[in-house]
Amino acid sequence: MIEYRNIVCSHDCPDSCSVRVGVEDDRIVSIGGDPQHPITRGFLCGKVNRYTERVYSPQRVRYPQRRVGAKGEGRFERISWDEALDEIVARFQATIAQHGAEAILPYSYGGNIGLVGMYGGHRLFFRMGASHLKRTICTGSVNAGSRATHGDGVASDIEDIVNARLILVWGCNAVATHVHLMPFIKQARAKGAKLVVIDTYRNATARQADLFLQVRPGTDAALALGMMREIIAGGHHDMGFIDRFTLGFEQLREGCADYTPQRVQEITGVPAEDVAMLGRLYGKERRAFIRLGMGLSRHGNGGMTIRTISCLPSLTGAWEHSGGGLLNYTPDDHWHTLLLKQPAPTDPPARELNMVQLGDILTRLDDPPIKAMYVYGSNPAAVVPDQSKVHAGLAREDLFLVVHEQTFTDTTDFADIVLPATTFMEHDDVVTAYGHLYAQYSRAAIPPLGESRPNWDVFNAIAARMGFTDPIFQETYDTLLPQLLNRELLTSYGFDWETFLAGKPVRMPTLVRPWEQGLTTDSGKIEFFSQRTAKRGLPGVPAFVPLAEGHEDNALKARYPLQLVTAPAQHFLNSTFGDTVSSPKLEREPLLQLHPAEAAARDLREGDAVRAFNDRGESYLTLRTTRDVMPGVAVAESVWWPRHLRGRKGINQLTTAELTDMGSGGRFHDALIQVEAAPPA
Ligand SMILES: Nc1nc2c(c(=O)[nH]1)N[C@H]1C(S)=C(S)[C@@H](COP(=O)(O)OP(=O)(O)OC[C@H]3O[C@@H](n4cnc5c(=O)[nH]c(N)nc54)[C@H](O)[C@@H]3O)O[C@H]1N2
Ligand SMILES: Nc1nc2c(c(=O)[nH]1)N[C@H]1C(S)=C(S)[C@@H](COP(=O)(O)OP(=O)(O)OC[C@H]3O[C@@H](n4cnc5c(=O)[nH]c(N)nc54)[C@H](O)[C@@H]3O)O[C@H]1N2
Ligand SMILES: [Mo]
């Protein structure tokens, strides 16, 4: 008999889908979207539709393993959980005795964005006194940029987009990365809304737009400033809103005065008449919804770009209108408890290391160097920039590396101990979303595969062996999960706790017109001028700050004339799904997309094997020529696994570990490269 259960996909995606699985004899026999969930609306992305491929994959890690080959070789023997845990704890204790606890580094990110899956390890490593990991690789610049303009908690509701008359999807390939947005856009368009897509290449979302504006990577702040100039010149700004809720309008007016349509064209590549037209279109329409993606934040100037675009709805007061405003990410932090996120007062203080800079951390850091690393929910050998250093670091013979994983990856290849992890089908959690407002309690649909265990169980087993008796390490899922959301606060806003415990999606409250109540900026207002930003040495009012590896001519650009954008691929999720049966087939092969003129200038043809390179490294790809990409730009949809590329050299060989201007994020679409015919292997 088939039984149907609802669980929540906890992969790193704004949609956090409610998944309906059919289970027979403890095996998944069908997968579909939950029709009752207001955002999932009964359908799933292609990747999760085929999730049985992943759960029952021959690549699944089913038992604990110990390395028998050389580092990087990925050869292991099966051991028991007790042997594995004993060895891990013995090595951690020896490391602490010899080098101090800061020589241990936990390394994790968004493999599992359930509250326990993502944050459940923090307390264990805080308690040890291990180095703290600064997890800013993805949202660092996004958070910092939007905070600088309007503080925390200001975001429009995705469901309100149906009331919009103008929609700007900006630096977000929603068809690939946020597919549940598309039906909402369709509804709005059926009522006459116009869709504008602003991106660096004509991606799947751009192909659906009424108007596609193609910008040079890293130049969007100039476009937004040009729009603001047009809005103010046309008198389309809302002085009532500006007077009551914002600070620094006069400085902004001056700041954008130089961004004439002609100058914006020179910077962005967008025709001057389109710049002026978009400014007028946006200025005249209060029901204008901006879905701001993260693509444009992954540049050296990413924080400033987010900050600048975030000013638009405050200039026109669109925030106050149905169908108007801006959504970049759904802030839900104020509804979480800090139970798992914050060290206890008695935990030893420790240094903080930025996850983006793992290559340097493993190859250069001293006093103490990192001697033991515990990886979970992340695949650093594939996703972290400046990959040649990352691989050199992971290959160090004196580094004790533990990887808790669902599948054998490029990172497990370097591990001393591999531990088997459950998938979201096999463990409990509470999952919130960064693209919508629903939270849901997810209970395992099937028993763990093989000997796999959830993160939480393993952390507690390590804590017990380390002799940590703090109550937090005794919690079970049933006692822990209800403590993760702030029950008192949530129910005071009308959150239905019983429905939540029953496993149904429950809408998190939103702050109503938070600009009226005082924001978390220094002034409590929306800040067109930000003293805090100025103190950091950045322009206090929004400005376009050129990239070091951008479109402007300089000595580096003369050697590496192409701006590389490593946009997310539709059938991968970062590196996840890179080894399933269908995803790599659907992505065909690791491609580098170039405009035909750039290919011709290098005497290259469609299908040629090419070498993309810069001073950091090289990667071998197959050339695709297309007018979807503008001259001067190269696009490699990502992240293919390094092991699937020649020399085990993934696309992140080319990306930089330098941090963004604000929030110390990753710069994944901000690298200059050159391309040539690949020499024979
Ligand atoms: N299928 C799939 N879904 C995913 C992911 C995935 O890898 N695959 N990743 C997940 C994760 S972790 C995240 S954070 C989200 C991210 O999802 P999004 O918010 O959509 O952001 P990105 O996908 O990083 O970038 C999307 C677009 O930004 C464009 N872009 C790059 N630089 C610029 C620029 O300077 N200006 C403009 N206007 N556009 C630019 C790229 O060309 C790309 O089309 O998606 C999640 N969902
Ligand atoms: N070139 C380039 N690089 C990028 C990006 C890009 O756009 N271009 N995007 C960047 C972004 S936005 C992000 S967020 C990072 C993401 O980087 P990561 O967070 O490292 O994401 P994934 O590559 O998906 O790897 C997650 C791993 O976690 C494992 N996992 C899943 N669930 C669990 C679990 O419950 N327990 C354990 N122990 N493991 C689990 C999965 O099997 C998978 O191997 O990558 C960044 N890297
Ligand atoms: Mo991300």
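Positions within a chain are numbered from 1, following the residues in the order the chain's sequence is written. The naming scheme follows written order: chains are lettered A onward, ligands numbered 1 onward. Reporting of local features is limited, given that this is a predicted model, to residues whose pLDDT is at least 70; pairs of side-chain atoms are given and counted only at 80 or more, and all residues count toward the totals for whole chains, interfaces and linings. As a rule here, side-chain values cover all heavy atoms of the structure and leave hydrogens and water aside.

**Examining the site of ligand 1**
In the region of ligand 1, 35 residues are neighbours, and Asp199, Gly218, Asp220, Phe572 and Asn574 sit closest. Note that an oxygen atom of ligand 1 is positioned 3.3 Å from one of the backbone N or O atoms of Gly171. At 3.0 Å, a backbone N or O of Gln570 approaches a nitrogen atom of ligand 1. Bound to the protein, ligand 1 loses 98% of the 920 Å² it would expose on its own. Elements represented by at least two residues in the shell around ligand 1 include exactly helix H7 (174–177) and strand E9 (194–199). Each residue is assigned to one of three groups, with Ala, Val, Leu, Ile, Met, Phe, Trp, Tyr, Cys and Pro labelled nonpolar, Asp, Glu, Lys and Arg labelled charged, and all others, Gly among them, labelled polar. Looking at side-chain class alone, the shell around ligand 1 contains 18 nonpolar, 12 polar and five charged residues. Throughout, near means a residue has at least one heavy atom within 4 Å of the molecule or strand. The definition of a polar contact used here is a pair of N or O atoms within 3.5 Å, where within protein one atom must be able to donate a hydrogen and the other to accept one, and adjacent residues in sequence count solely through side-chain atom pairs. Areas reported as accessible are Shrake-Rupley estimates using a 1.4 Å probe. Residue values count occlusion only from the protein chains shown. Note on conventions: DSSP H or I runs of at least 4 residues are helices, E runs of at least 2 residues are strands, and numbering of each starts at the N terminus.

**So, the side chain of His427**
Note that His427 resides in the loop between strand E17 (417–420) and strand E18 (429–431). Within the local environment of His427, its side chain forms a polar contact with the side chain of Asn112, the two groups lying 3.3 Å apart. In contact with His427, not counting residues within four places along its chain, are Asn112, Thr422, Ser442, Arg443, Ala444, Pro454 and Tyr477. Contact criterion: two residues are considered in contact whenever any of their non-hydrogen atoms come within 4.5 Å of each other.

**Quick word on the site of ligand 2**
Surveying the vicinity of ligand 2 reveals 30 residues, the closest of which are Ser378, Glu405, Asn455, Ser575 and Thr576. At a separation of 2.8 Å, an oxygen atom of ligand 2 approaches a polar side-chain atom of Arg54. A distance of 2.9 Å separates an oxygen atom of ligand 2 from a polar atom in the side chain of Asn112. Protein coverage of the free-state accessible area of ligand 2, which is 920 Å², stands at 97%. Taken together, the residues of the shell around ligand 2 break down into nine nonpolar, 17 polar and four charged.

**As for the pairing of strand E12 (residues 288–292)**
Of all five residues in E12, five are buried, a share of seventy percent or more. The rule is simple: take the accessible area with a 1.4 Å probe, protein chains only, and divide by the maximum for that residue type; under 20% is buried, over 50% is exposed, in between is partly exposed. Of the two faces of E12, the one carrying Ala288, Ile290 and Leu292 and the one carrying Phe289 and Arg291 are both buried. When DSSP finds two or more bridges between two strands, those strands count as paired. Sheet analysis places strand E8 (residues 166–170) next to E12, joined by five bridges and oriented parallel. Directly across from Ile167, in E12, lies its bridge partner Phe289. Across three bridges, E12 lies against strand E13 (residues 325–327) in parallel orientation.

**Some words on the sheet that holds strand E26 (residues 633–635)**
Taking strand neighbours around the barrel as the criterion, the six strands line up as E22-E26-E23-E25-E24-E27 in a closed arrangement whose pairing is mixed. Sheet twist, expressed as the mean angle between neighbouring strand axes with direction ignored, is 45°. Relative to strand E25 (residues 618–625), strand E24 (residues 609–613) is paired through five bridges, and the arrangement is antiparallel. Bridge pairing links Val610 to Leu621 in E25. For helices, the axis comes from a line fit to the C-alpha atoms of the stretch in contact; other axes are also lines fit to C-alpha atoms, and the angle between any two N-to-C directions lies between 0 and 180 degrees.

**What about the pattern of salt bridges?**
Salt bridge, as used here, is a side-chain nitrogen of Lys or Arg placed within 4 Å of a carboxyl oxygen of Asp or Glu. One pass over the structure, following the stated rule, counts 39 salt bridges. The salt bridge involving Arg396 is made with Asp398; its shortest N-O contact spans 2.9 Å. With a closest N to O distance of 2.6 Å, Glu618 and Arg611 form a salt bridge. Each of Arg67, Lys71, Glu397 and Asp416 takes part in salt bridges that share partners, so that together they form one network.

**Thoughts on the packing of aromatic side chains**
A pair of aromatic rings is counted whenever rings of Phe, Tyr or Trp (Trp by its six-membered ring) have centres within 6.5 Å, and the orientation is called stacked for planes under 30 degrees apart, edge-to-face for over 60 and tilted otherwise. Summed over the entire model, instances satisfying the criterion amount to 20 aromatic pairs. The interplanar angle of 85° and the centroid separation of 6.1 Å between the aromatic rings of Tyr560 and Phe613 together place this pair among those described as edge-to-face. Of the two residues, Tyr560 is situated in the loop between helix H25 (555–559) and strand E22 (562–565) and Phe613 in strand E24; the sequence distance between them amounts to 53 residues. Taking relative accessible area as the criterion, Phe613 reaches 15% and is therefore assigned buried. Three or more aromatic residues link up through ring pairs in this structure, and these residues are Phe92, Phe125, Tyr374, Tyr376 and Phe459.

**Some thoughts on the environment of Ile290**
Following the sequence through the fold, Ile290 ends up in strand E12. Residue Ile290 is classed as buried on the basis of its relative accessible area of 0%. For the pair formed by Ile290 and His122, sequence separation is 168 residues and the distance between their alpha carbons is 34 Å. Apart from residues no more than four positions distant in its own chain, Ile290 is found in contact with Leu168, Trp170, Tyr282, Ile309, Leu312, Pro313, Gly325, Leu326 and Leu327.

**Here we look at the sheet that holds E8**
Strand order in this open sheet of five strands is E10-E9-E8-E12-E13, and the pairing throughout is parallel. Looking at strand neighbours, the two that pair on one side only are strand E10 (211–214) and E13, the edges of this open sheet. On average, each strand axis in the sheet is inclined to that of its neighbour by 15°, with strand direction left out of account. Contacts from helix H14 (residues 302–310) reach E8, E12 and E13 within the one sheet, and its direction differs from that of E12 by about 170°.

**Let's talk about the packing of helix H9 (residues 220–233) against helix H13 (residues 272–284)**
Two packed helices can be described by the angle between their axes and the distance between those axes. Where H9 meets H13, the closest approach of the two axes is 8 Å, and the angle between their N-to-C directions is 60°. Taken together, the axis directions place H9 and H13 in an arrangement best described as oblique. For the pair H9 and H13, the crossing hand works out as right-handed. Across from Leu223, Gly226, Met227, Glu230 and Ile231 in H9, the residues of H13 making contact are Val275, Ala276, Leu278, Gly279, Arg280, Tyr282 and Gly283. A per-class count over the contact of H9 with H13 returns seven nonpolar, three polar and two charged. Between 65 and 115 degrees an angle is taken as roughly perpendicular, under 35 as roughly parallel, over 145 as roughly antiparallel, and anywhere else as oblique. Throughout, a crossing is termed right-handed when the near helix is turned clockwise from the far one, and left-handed when it is turned anticlockwise from it by less than a right angle.

**Points about the domain arrangement of the protein**
As a measure of interface size, the accessible area lost when the parts come together is often cited. All domain edges in this entry derive from an automatic or database-based domain assignment. Splitting the protein by domain gives domain 1 (65–138 + 333–507), domain 2 (141–328 + 516–535) and domain 3 (555–677). One C-alpha centre belongs to domain 2, the other to domain 3, and the line joining them spans 28 Å. Of the residues lining the interface, 26 residues belong to domain 2; the matching set on domain 3 comes to 21 residues. A salt bridge links Arg207 to Asp628; the nearest nitrogen and oxygen atoms lie 3.4 Å apart. Our count for the domain 2 to domain 3 interface comes out at 12 residue pairs in polar contact (both at pLDDT 80 or more). Of all the elements in the fold, those that place two or more residues in the side of domain 2 that touches domain 3 are helix H6 (140–150), H7 and H14. Among the elements that take part in the side of domain 2 that touches domain 3, H6 stands out by supplying four residues, more than any other. Of the residues that constitute the side of domain 2 that touches domain 3, the class distribution is eight nonpolar, 14 polar and four charged.

**Points about the side chain of Thr566**
Mapping Thr566 onto the fold places it in the loop between E22 and helix H26 (582–587). Of the residues examined, Thr566 reaches a relative accessible area of 7% and is grouped as buried. Side-chain polar atoms of Thr566 contact the backbone oxygen of Phe668, separated by 2.8 Å. With residues up to four places along the chain from it excluded, the contact list for Thr566 reads Ala636, Ser638, Ile651, Thr655, Phe668 and His669.

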